[in-house]
Number of protein chains: 2
Amino acid sequence: MSATTETDAYIRLFSRYLREQGLPVTHQREVVADVVFSSVEHLSVDDIEREMRAVGERIGKATIYRTLDLLVKSNLVAENDFGEGFKRYEHRLSREPLHEHLICLHCGTVAEFHDSAVHQIEALVTAQHGFRPIRHKLEIYGLCRECQSAGVSLPREGLICPIDSV
Amino acid sequence: MSATTETDAYIRLFSRYLREQGLPVTHQREVVADVVFSSVEHLSVDDIEREMRAVGERIGKATIYRTLDLLVKSNLVAENDFGEGFKRYEHRLSREPLHEHLICLHCGTVAEFHDSAVHQIEALVTAQHGFRPIRHKLEIYGLCRECQSAGVSLPREGLICPIDSV
DNA sequence: GTCCATGCAAACCTTTTGCACTATA
DNA sequence: TATAGTGCAAAAGGTTTGCATGGAC
């Protein structure tokens with residue numbers, strides 16, 4: 001952790017945010033921020049805890065959750081829910097600020113992409129509905145290249161086209 | 001409930017699915033299906049339970065969950081997670097089979113839309129990544145027309161553009 | 001010295017599961 | 001009658017909270 005000057009700059013940004021809010025900059029908060037800013041993955045709380053222990057830090061889960069709340073509020077970190085039953089966190093620095101996700105249903109790998117057409121759709125649709133957009137989320141679930149090569153296939157179940165067979 | 005012949009047809013479709021799977025068609029399953037197929041809303045389990053009690057049916061939560069699993073497996077019902085901490089269910093009959101959601105962050109109202117450009121994006125992006133798409137989800141969060149008229153505004157917090165201020 | 005954060009454990013909330021009993025086919 | 005479903009309550013799993021202690025400023 002904290003290998004790069006980049007990561008250090010991000011941690012300083014978080015510290016600045018905390019001071020602006022009149023909140024103490026604690027060791028625990030710096031450690032959580034360090035782990036999150038040092039990774040390009042979409043980390044679960046367990047991932048974060050594991051990484052901390054690997055570097056000899058032992059911080060309570062409650063503190064991790066509370067710090068993640070602050071990181072999300074600061075806009076430095078984004079919270080994701082890929083339907084796994086828990087949340088994942090990714091920092092928003094040094095990556096496309098607005099991006100969408102490709103999620104492999106077999107191995108769980110998450111890839112990112114950006115397509116400006118998404119914003120065009122958002123602008124068009126929300127204008128039609130008189131809706132004021134704040135954020136959006138486009139997730140494509142399927143099989144990544146590697147899982148396809150490995151011969152993985154997901155079973156199909158249920159009625160194929162129910163609406164046609166009434 | 002069960003007011004329309006349409007709803008009855010949907011329930012029959014579910015019964016057919018159950019028989020095909022060699023599963024019993026029970027009263028409880030018919031009641032849950034009736035509630036879900038009779039509504040155009042995105043129902044939570046609590047919504048479903050409340051609706052049942054309103055018509056004098058008292059069915060255990062476990063049975064509701066188990067029946068919803070079957071409805072989802074049959075492809076007759078879709079499961080949604082709008083980040084509220086619980087799931088919502090919508091039937092897929094007599095509505096656009098593939099649609100996206102507009103979710104109001106203030107009142108929770110969910111509207112639907114369809115835009116074929118989403119599929120074009122999906123096709124393009126997945127081809128680029130060698131990814132085999134199975135399903136996708138596009139959700140736009142913001143303020144609906146009514147909440148805007150009512151003067152609702154959501155506070156902005158955090159750093160505005162962190163990446164520029166390192 | 002004043003606040004606020006931390007850590008632990010308990011609480012929370014939705015969803016799942018085990019088990020004795022009941023209903024479907 | 002065999003097999004599977006139901007209901008209840010307990011368990012599970014991620015996340016939040018209360019409270020006594022400790023640390024930041």
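Residues numbered from 1 in each chain as written. Chains lettered and ligands numbered in written order. Predicted model: local features only at pLDDT ≥ 70, side-chain atom pairs only at ≥ 80, totals over all residues. Heavy atoms only, no water.

Engineer: Would you mind showing me how to read the nonpolar core here?
Structural biologist: Side chains of a nonpolar character, in soluble globular proteins, are inclined to be buried together. All names here are of chain B. Counting 27 residues, the largest nonpolar core has Phe14, Phe37, Ile48, Met52, Ile64, Leu68 and Leu71 as the members making the most contacts within it. When contributions to this core are tallied by element, the ones reaching two or more residues are helix H1 (5-20), helix H2 (27-38), helix H3 (45-54) and helix H4 (61-73). Among all residues touching Leu71, those that are not within four sequence positions of it are Phe14, Val32, Ala33, Phe37, Leu76 and Val77. (Core = buried A, V, L, I, M, F, W, Y, C linked by side-chain atoms within 4.5 Å. Buried < 20%, exposed > 50% of the residue type's maximum accessible area, 1.4 Å probe, protein only. Helix = DSSP H or I, 4+ residues; strand = E, 2+ residues; numbered from the N terminus. Contact = heavy atoms within 4.5 Å.)

Engineer: What should I look at first to understand the interface of chain A and chain B in this one?
Structural biologist: Where interface size is quoted, it is often the accessible area lost as the parts come together. Listed by partner, the interface residues are 59 residues for chain A and 59 residues for chain B. Between chain A and chain B the total buried area reaches about 4,900 Å² when both faces are included, carbon and sulfur atoms providing 65% of it. Sorting the residues of chain A by area buried against chain B places Phe131, Lys137 and Leu159 of chain A first, and these three jointly supply 14% of that buried surface. Linking chain A with chain B are two salt bridges. In this structure, Lys137 of chain A and Glu139 of chain B form a salt bridge, with 3.8 Å as the shortest nitrogen-oxygen distance. Top contributing element to the side of chain A that touches chain B by residue count: strand E5 (residues 132-143) of chain A, with twelve residues. Within the side of chain A that touches chain B, the residues separate by chemical class into 30 nonpolar, 13 polar and 16 charged. Relative to strand E6 (residues 132-143) of chain B, E5 of chain A runs antiparallel, the two sharing eleven bridges. Looking at the pairing, Lys137 of chain A lines up with Glu139 of chain B of E6 of chain B. (Buried area = accessible area lost by both parts, 1.4 Å probe. Salt bridge = Lys/Arg side-chain N within 4 Å of Asp/Glu carboxyl O. Nonpolar A, V, L, I, M, F, W, Y, C, P; charged D, E, K, R; others polar. Pairing = 2+ DSSP bridges.)

Engineer: Even after reading the chapter, I still don't get the packing of helix H1 (residues 5-20) of chain A against helix H2 (residues 27-38) of chain A, so can you show me in this structure?
Structural biologist: If you want to describe how two helices pack, look at the angle between their axes and the distance between the axes. Residues and elements named next belong to chain A. The interhelical angle for the contact between H1 and H2, taken along N-to-C directions, is 135 degrees, at an axis separation of 9 Å. Taken together, the axes of H1 and H2 lie oblique to each other. With respect to the hand of their crossing, H1 and H2 are arranged in right-handed fashion. Packed against H1, whose contacting residues are Thr7, Tyr10, Ile11, Phe14, Ser15 and Leu18, the element H2 presents Arg29, Glu30, Ala33, Asp34, Phe37 and Ser38 at the interface. Split into classes, the residues belonging to the contact of H1 with H2 amount to six nonpolar, three polar and three charged. (Axes fitted to C-alpha atoms, helices over the stretch in contact; angles between N-to-C directions. Parallel < 35°, antiparallel > 145°, perpendicular 65-115°, else oblique. Left-handed = near helix turned anticlockwise from the far one by under 90°.)

Engineer: Can you walk me through the relation of the copies chain A and chain B in this structure?
Structural biologist: To go from the first copy of the chain to the second, apply a rotation about an axis and then a shift along the same axis. When chain A is brought onto chain B, the operation consists of a screw motion whose angular component is 180 degrees and whose axial shift is 0.0 Å, with 0.1 Å RMSD remaining. With respect to symmetry, the two chain copies, as superposed, fit the operation of a two-fold axis. No C-alpha of chain A approaches the rotation axis more nearly than that of Leu138 of chain A, which lies at 2.2 Å. When the interface residues of chain A are mapped onto chain B, 100% of them again lie at the interface, so the same face is used by both copies. (Least-squares fit on C-alpha atoms with pLDDT ≥ 70 in both.)

Engineer: Please explain the sheet that holds strand E2 (residues 77-80) of chain B as it appears in this structure.
Structural biologist: Within a sheet, neighbouring strands are paired by backbone hydrogen bonds and run either parallel or antiparallel to one another. All names here are of chain B. Across the sheet, three strands lie side by side as E1-E3-E2; this open sheet has antiparallel pairing. Across the chains shown, the open sheet's two edge strands, defined by having one partner strand only, are strand E1 (43-44) and E2. Pairing geometry for E1 and strand E3 (residues 88-91), over two bridges, is antiparallel. Bridging from a neighbouring strand, Leu43 pairs with Tyr89 of E3.

Engineer: Before we go on, may I ask you to explain helix H4 (residues 61-73) of chain A in this structure?
Structural biologist: Helical periodicity: at 3.6 residues per turn, an α-helix aligns residues three or four positions apart in one direction. Residues and elements named next belong to chain A. Compared with an ideal rise of 1.5 Å per residue, which puts 13 residues at 18 Å, H4 spans 18 Å between its outermost C-alpha atoms and is within 8% of the ideal. Three or more residues of H4 are buried, namely Ile64, Thr67, Leu68, Leu70 and Leu71. Mapping the buried residues of H4 onto a view down its axis gives an arc of 160 degrees, with all of them on the same face. Within two residues after H4, Asn75 carries a phi angle of roughly 75 degrees, on the positive side. (Expected span 1.5 Å × (residues − 1). Arc of directions from axis to C-beta.)

Engineer: Any chance you could explain the packing of aromatic side chains here in plain terms?
Structural biologist: Given two aromatic rings, their pairing is described by the distance between the two centres and the angle made by the two planes. Counted according to the given criterion, the structure contains two aromatic pairs over all chains. With a centroid separation of 5.8 Å and an interplanar angle of 65 degrees, the aromatic rings of Tyr10 of chain A and Phe37 of chain A are classed as edge-to-face. With Tyr10 of chain A in helix H1 and Phe37 of chain A in helix H2, this residue pair connects regions lying 27 residues apart in the sequence. The same class applies to Tyr10 of chain A as to Phe37 of chain A, namely buried. Positioned above the aromatic ring of Tyr141 of chain B, the side-chain terminus of Arg135 of chain A is 4.6 Å from the ring centre. (Phe/Tyr/Trp six-rings, centres within 6.5 Å; stacked < 30°, edge-to-face > 60°. Lys NZ or Arg CZ within 6 Å of the ring centre and 35° of its normal.)

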